[in-house]
Amino acid sequence: MKNILLVVVFATCLLSGAMLFAAGEAKDKEVYDEDAYGPQAPIVWVTPVKSVVFEHKIHTMDAGLDCDSCHDELFEMESGAAEAKDDFTMASLYKGGYCGSCHDGSTAFASNTRCTACHIGVRGHARLQGETASAEKSR
Amino acid sequence: MKIDDLEQMESEDLHSLHSAERRKFLKLGLAVTGMYLGGSILSLTSVKNAYGSDVVPEIGKYPYNPHYSMVIREKLCIDCERCKDACVKTNHVPSYGFRTTILEKRRSLGENKFETTFMPVLCNHCNRPPCVRVCPTTATWKDEKTGIVTMNPARCIGCKTCMTACPYNARYFKEEDRAVDKCDFCFLARLSKGEKTTACAEACPADVRVFGNLADSSSRVFKLVHAPETMVWVLRPETGAIPNVFYINS
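About the cut-offs
- Residues numbered from 1 in each chain as written.
- Chains lettered and ligands numbered in written order.
- Predicted model: local features only at pLDDT ≥ 70, side-chain atom pairs only at ≥ 80, totals over all residues.
- Contact = placed C-beta atoms within 7 Å.
- Helix = DSSP H or I, 4+ residues; strand = E, 2+ residues; numbered from the N terminus.
- Domains from an automatic or database assignment.
- Buried ≥ 20, exposed ≤ 12 C-beta atoms within 10 Å, placed from the backbone.
- Pairing = 2+ DSSP bridges.

Observations regarding the interface of chain A and chain B
So, point 1. Facing the 9 residues of chain A at the interface are 12 residues of chain B.
So, point 2. If you list the elements that add at least two residues to the side of chain A that touches chain B, you get helix H5 (115-118) and helix H6 (121-138) of chain A.
So, point 3. With 4 residues, the top contributor of residues to the side of chain A that touches chain B is H6 of chain A.

Quick notes on the domain arrangement of chain B
So, point 1. Annotation of chain B at the domain level lists domain 1 (1-50) and domain 2 (68-248).
So, point 2. Here the C-alpha centroids of domain 1 of chain B and domain 2 of chain B sit 49 Å apart.

Re unusual backbone geometry
With the exception of glycine, most residues fall at negative phi, and the peptide bonds are largely trans.
So, point 1. Put simply, Lys 50 of chain A and Ser 51 of chain A share a cis peptide bond, and its omega is -25°.
So, point 2. For Ser 51 of chain A, the location among the structural elements is in the loop between strand E1 (43-45) and strand E2 (52-54).
So, point 3. Each neighbour pair has its own omega, and for His 71 of chain A with Asp 72 of chain A the value is -5°, a cis peptide bond.
So, point 4. With respect to the element layout, Asp 72 of chain A can be found in the loop between helix H3 (56-62) and helix H4 (90-94).
So, point 5. Phi at Tyr 98 of chain A takes a positive value of approximately 45°, unusual for a residue other than glycine.
So, point 6. Within the element layout of this structure, Tyr 98 of chain A appears in the loop between H4 and H5.
So, point 7. You can call Tyr 98 of chain A buried: it has 20 C-beta atoms within 10 Å.
So, point 8. Positioned with a positive phi, Arg 236 of chain B is a non-glycine residue whose angle comes to about 50°.

Notes on the pairing of strand E2 (residues 100-110) of chain B
Residue and element names in this part refer to chain B.
So, point 1. The pairing of E2 with strand E3 (residues 113-122) spans 10 bridges and is classified as antiparallel. When the sheet's bridge partners are listed, Gly 110 is paired in E3 with Lys 113.
So, point 2. A loop of 2 residues connects E2 with E3, the two strands running antiparallel in sequence, and Glu 111 in this loop sits at a positive phi of about 50°.

Right, dumping it as structure tokens:
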């Protein structure tokens with residue numbers, strides 16, 4: 001009788017452990033679908049100042065925004081379109097343009113706070129490029 | 001002295017020594033030890049004239065006029081490096097050296113997230129410059145009027161002792177001049193020609209670098225450094241160099 005009880009306890013532990021492990025695996029393997037979430041590679045703007053990063057993943061997959069939350073009203077889908085405009089500045093953001101549409105302090109953190117969250121600078125850009133270069137190398 | 005007289009005298013052995021006397025002697029010894037070590041390594045006596053590590057001099061106690069200094073509003077720096085580019089252009093800085101640069105601190109926020117802080121650095125134009133003290137040919141000195149730590153490349157023999165002495169890594173050896181080169185708050189290139197600010201401060205789009213005369217109570221640097229509820233810090237205050245580049249976050 002004792003033996004049966006031990007076996008049952010052991011089996012339960014094993015089963016729940018396996019289930020937990022499987023759940024963890026599934027979470028890790030949640031695929032990033034570029035068609036649904038936008039390009040995976042971070043976008044880096046270098047004008048008017050070096051260098052500002054934008055990641056689709058953080059905004060779509062993690063924050064749950066749709067494509068049409070930003071496209072095409074705030075940002076054209078064509079890469080480099082915003083950068084080419086003269087009003088792609090912090091002043092525009094403070095008036096609710098571009099990123100400032102959400103980054104106003106109520107929807108998301110205000111544009112005039114946490115500067116380095118987006119402004120990764122020359123150093124951050126170099127690090128990013130180093131990471132992609134090493135990722136491509138290992139492929 | 002005869003032996004009879006000696007016997008009449010008060011004994012000087014330990015039996016006649018009061019414990020208060022012994023303590024006094026010990027105290028003296030400890031005080032001397034503490035004093036010789038400057039109280040910086042080991043001090044067994046309390047330092048009586050110690051004061052809080054106030055990096056901002058008291059109003060009216062600035063040794064120079066104009067007392068040039070820079071205030072860096074650190075958290076606004078985004079490492080766009082326009083300051084570096086402007087400095088290179090203005091002062092003909094070669095690619096292997098720098099008069100000013102940006103350092104980076106990364107603090108973990110957990111879960112693979114980081115918060116970055118960029119830290120612009122340059123010559124601190126210290127009130128007690130270690131680089132000046134070590135120069136064997138007086139090729140570098142603190143200007144008596146402005147307090148700017150200046151170089152005379154013609155007098156420099158390239159021994160690089162100043163580079164080792166500088167707590168801020170603010171000097172480099174310029175091959176073209178065969179001399180050490182450093183930030184002079186743009187004195188040669190700009191201030192002496194009537195300009196009011198440095199090239200780096202002018203180029204900064206985020207208003208991080210504020211340059212001015214600290215001895216002038218109406219200047220912006222003065223107001224920033226003496227504003228209430230402001231945390232002001234300097235780099236490596238423990239060296240005792242009394243730097244003139246102040247960092248704030250507001």
